[in-house]
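So the chains spell out like this:
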Amino acid sequence: DVMDVEVKPQPPRPHWYQRHVQPCLAELLGSALFIFIGCLSVLEDSGGTGRLQPALAHGLALGVAVAVLGDI
């Protein structure tokens, strides 16, 4: 009865690309997206929007990124 114990196999370790390169690329892409969107939203500020226009632009960019990349 002692020999009937089942040993669960260990999950395989992720590849070096998934551990090191993929998080760096995701951070670079996310930072570039938000900096680009933030700069563009302030570029044509009409004066009346104040802080609302950059806030809405960043919120829209975040919403689109989550909707597109949410399954990853």
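Preceding this paragraph is the structure being described.
Presented here is a report on the structure given in the accompanying data block. What you see is a predicted model; the values in this text were computed from it and never measured. (Residues numbered from 1 in each chain as written. Predicted model: local features only at pLDDT ≥ 70, side-chain atom pairs only at ≥ 80, totals over all residues. Heavy atoms only, no water.)

### Regarding the overall build of the protein chain
Quick reminder of the rule: What counts as a helix is a DSSP run of H or I of at least four residues, what counts as a strand is a run of E of at least two, and both are numbered from the N terminus. Only protein chains enter the accessibility calculation, which uses a 1.4 Å probe; a residue whose area is less than 20% of its type maximum is buried, one above 50% is exposed, and one in between is partly exposed. Per-residue and other accessible areas were derived by the Shrake-Rupley procedure at a 1.4 Å probe size, with only the shown protein chains allowed to occlude residues.
Helices and strands together make up the secondary structure of the protein chain, namely two helices and zero strands. Residues counted as buried form 7% of the 72 residues belonging to the protein chain. Summing over all exposed atoms, the protein chain offers an accessible surface of approximately 6,700 Å²; the carbon and sulfur share of this is 68%.

### Some details on a nonpolar patch on the surface
Heads up, the rule is: Within the patch definition used here, like charges are joined within 9 Å and nonpolar side chains (Val, Leu, Ile, Met, Phe, Trp, Tyr) within 5 Å, considering only residues with over 30% relative accessible area and no salt bridge. Salt bridges are defined as contacts in which a side-chain nitrogen from Lys or Arg sits within 4 Å of a carboxyl oxygen from Asp or Glu.
Taken together, the side chains of L29, L60, V64, V68 and L69 define a hydrophobic patch exposed on the protein surface, amounting to about 510 Å² of accessible area. In terms of residue count, helix 2 (residues 52–69) provides more of the nonpolar patch than any other element does, four residues in total. By the element assignment, L29 lies in helix 1 (residues 16–43).

### Considering the packing of helix 1 against helix 2
Worth spelling out the cut-off: To define axes, lines are fitted to C-alpha atoms, for helices over the stretch in contact only, and angles between the resulting N-to-C directions are given on a 0 to 180 degree scale. Crossing handedness follows the turn of the near helix against the far one: under a right angle anticlockwise gives a left-handed crossing, and clockwise gives a right-handed one. Whether two residues are in contact is decided by their heavy atoms: any pair within 4.5 Å suffices.
Two elements in contact, helix 1 and helix 2, have axes whose closest approach is 9 Å; the angle formed by their N-to-C orientations is 145°. The two elements helix 1 and helix 2 cross, and the hand of that crossing is right-handed. Listed contacts from helix 2 to L33, F34, I37, G38, S41 and V42 of helix 1 are Q53, P54, A57, H58, A61, L62 and A65.

### Some remarks on the environment of L43
Tracing the sequence through the fold places L43 in helix 1. On a C-alpha basis, the gap between L43 and P54 in space is 9.8 Å, while along the polypeptide they are eleven residues apart.

### Overview of helix 1
Basically, it comes down to this: Expected helix span is given by 1.5 Å per residue-to-residue step, counting one fewer step than there are residues. In this scheme, the bend at a residue equals the angle between the axes fitted to the seven residues that finish there and the seven that begin there.
For helix 1, spanning 28 residues, the distance from its first C-alpha to its last is 40 Å, which sits close to the expected 40 Å at 1.5 Å a residue. Largest kink in helix 1: about 30°, centred on Q22, with the proline P23 one to four residues after it.

### Details of the packing of aromatic side chains
Spelled out, the test is: Under the pairing criterion, centres of Phe, Tyr and Trp rings, with the six-membered ring standing for Trp, must be within 6.5 Å; the plane angle then separates stacked pairs below 30 degrees from edge-to-face pairs above 60, leaving the rest tilted.
Taken as a whole, this structure holds one aromatic pair when the rule is applied. A ring pair is formed by W16 and Y17, whose centres lie 6.4 Å apart and whose planes are at 85°; its orientation type is edge-to-face.

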